[in-house]
Structures are given as C-alpha cells and as structure tokens.
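Geometric and topological summary
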Amino acid sequence: MKIILFSRAQIAHTPEEIRQLFDAIELFGFDYAVNEEFAPVVRQTAGIELPPERVYGRHIGKQPAETVMVCYGGDGTLLEGVHRLCGAPVPVMGINAGHLGFLTSAPSAGLNLIFDDIAAGRITTEPRSLLRIEGDFDERPDSTLALNEFTVQRHGAGMISVETYVDDQMVATYHGDGVIVSTPTGSTAYSLSAGGPVVVPTCRCLVISPLAPHNLTMRPVVVPDTSDVALRVRTRRSAVTLSLDNTAYDVADDTEIRVSLSEKRIFLGQAHNISFYDTLRDKMMWGVDIRD
C-alpha cells in the first residue's frame, strides 16, 4: 500500500502534527511520497529528512494499484491535490486540518484510526464528477479538469457580460461580475455563496449561477450533467479571469469556453461512515437551536 501525501506549505502545521502524521505512516508500514512544496516544511518544522525518491513534483505519474492520496489540510488543499492526479483513478482521502471542511471531512485527531482503515481496506469511496474545460487560455492550464467549479469573473471595476448557452440553446447574457458552473460537489462552495442550491453529490446535474447579476430576477439554473455549456465573455474595461477550482488564468475579450462533464472521476474517501447529510448538519449547524 502506498500513500501519496499532499499538503500546502502555507498551512501552520505544528511539529507535533507532522510527527504524528509520519509516525502513523511508519506504524502501518506504508510506502509513501510527499509533494515538493511540503517536503521542506517537514524537514524544517519536524526535522524529518526525506530522500529525493520520496518527493514528487507537479505531476504524480503512474502509481501502484493499491495507492491512496491523503490530503492533509482543508478543502483547498484537497482541490489542489486532486489536480496533481490529472484524472488518475486514485482514491483521495481528505484529513481536515483546516476550518469548514466539506471535502476533508475526516478529523485529524484520529490519524491512527484513519490509516488503520486505509491499511485494512475499510475506507469506502464515492465517485465524484469532474468538469472538463476547453477554450482559449492565455496560459495553458496544468489540468483542464475541475472538481468544484469553473468560474468566469471580472477582475477590475467594470461589469462584464457572459453569453451562456446550454446545448447550443441560449440561456441568458449575464451582465455583472461573472458566472459559475458548478458540479454537485461544488454546490457547497462558491456556488452556495452566490445563492446556488445545496446539491447531494450523487445527483447527475450541473448548476449555473450568476455572480452579482445586474438583473435581479436572474437566479441559478440546474441543468443535466449531459449538457454542453458554452460561455462567451464580453468586456469593455475589466480584465477577465477564468478559474478551475482554485487556479486562475487571464483571458482576453470575446473568449469562448466550453464546459462539460469529464469521463474521468475522482473517488473521494468517506471516513467512519460520515455521510453528506452528517457533514451538512455538522458544518452548517442545521437544526441547532441558538436561542437562549
């Protein structure tokens, strides 16, 4: 069994947390590799020297059949780790060392229990949809896949317009700050902040949510995940940024982007039988009586 460990350098890990993590890996005899950004943190913070063969870069490459990616941080850490896989069918386990944590639902307090479950094959996985993005980027993305969402957004003071089509049928021209196309997994992320619905991750749909539309009657639209979504950007003053999850790229006026469901999936690990509904109640405090 091999562990592909991913974490961000900017997370304030304590020496005790890092040592606990590597002690758990050693306890269960896992082979492992660590991303190149996190390796210096491991050395400087916990005094653990990693040989070069245990450090990987921007692309992970082919892995043994029994491999699990463990993302240690928050949801942003998991999203960045998933992009390193480039659609490879490696199960992803998120351990929450951040704050909210919809994707990284496993608590960091029980690392030995989590790794014990991985070693024993008791981790259940749930397939999650990925978006495939095609279009004219000024800079070619490392990955054209997105787990949470694809966003067209203004970068400046001026309004932008986004002509939006579904299966070559015009939905609307959104005048405002931009548009989000979200997967069910991403419905609890940026889309939710923009007024989009909460969608159970196993639903087969996409959500198109306008960002601060100037026409207040415009609302999010749910479309089948078989849809081909085309977005044409119009701008007079503002620069425009396209983002795939948490990675952003600049594009020019009159750029057209097509968004569709990828044939690839990621397989998200579910620790301790924590369901999506458990996470909703826990993270959003649904049903909690805050009255005195």
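Note that H175 resides in strand β11 (residues 169-176). Of the residues examined, H175 reaches a relative accessible area of 36% and is grouped as partly exposed. As a C-alpha pair, H175 and R219 span 44 residues in sequence and 13 Å in three-dimensional space. Polar contacts involving the side chain of H175 include one to the side chain of S161, which spans 2.7 Å.

In this section: the packing of aromatic side chains. The description of an aromatic ring pair uses the distance of the two centres, along with the angle that the planes make with each other. One pass over the full model with this rule turns up four aromatic pairs. Measuring from ring centre to ring centre gives 5.8 Å for F30 and F115, while their planes differ by 50°; the resulting arrangement is tilted. Remark: F115 occurs in helix α4 (residues 111-119) and F30 occurs in the loop between α1 (15-27) and β2 (31-35); sequence separation between them is 85 residues. For F30, a relative accessible area of 7% corresponds to the buried category. Among the residues examined, F115 registers a relative accessible area of 0% and is labelled buried. By way of ring pairs, the aromatic residues F28, F30 and F115 are connected into one cluster.

A few words now on empty space enclosed by the protein. The tally for this structure, following the rule as stated, stands at one cavity of 30 Å³ or more. Reported here for the largest cavity is a volume of approximately 50 Å³. What lines the largest cavity is simply V82, H83, C86, G87, L130, S143, L145, A146, L147, D245 and I266. Counted by class, the lining of the largest cavity contains seven nonpolar, three polar and one charged residues.

About the thresholds
- Residues numbered from 1 in each chain as written.
- Predicted model: local features only at pLDDT ≥ 70, side-chain atom pairs only at ≥ 80, totals over all residues.
- Heavy atoms only, no water.
- Helix = DSSP H or I, 4+ residues; strand = E, 2+ residues; numbered from the N terminus.
- Buried < 20%, exposed > 50% of the residue type's maximum accessible area, 1.4 Å probe, protein only.
- Polar contact = N/O pair within 3.5 Å; in protein donor to acceptor, adjacent residues only side chain to side chain.
- Phe/Tyr/Trp six-rings, centres within 6.5 Å; stacked < 30°, edge-to-face > 60°.
- 1 Å grid on protein atoms, 1.4 Å probe; cavity = no way out; pocket = protein on both sides within 12 Å on 5 of 7 lines; lining within 4 Å.
- Points joined across faces, edges and corners; volume = space filled by probe spheres on them.
- Nonpolar A, V, L, I, M, F, W, Y, C, P; charged D, E, K, R; others polar.

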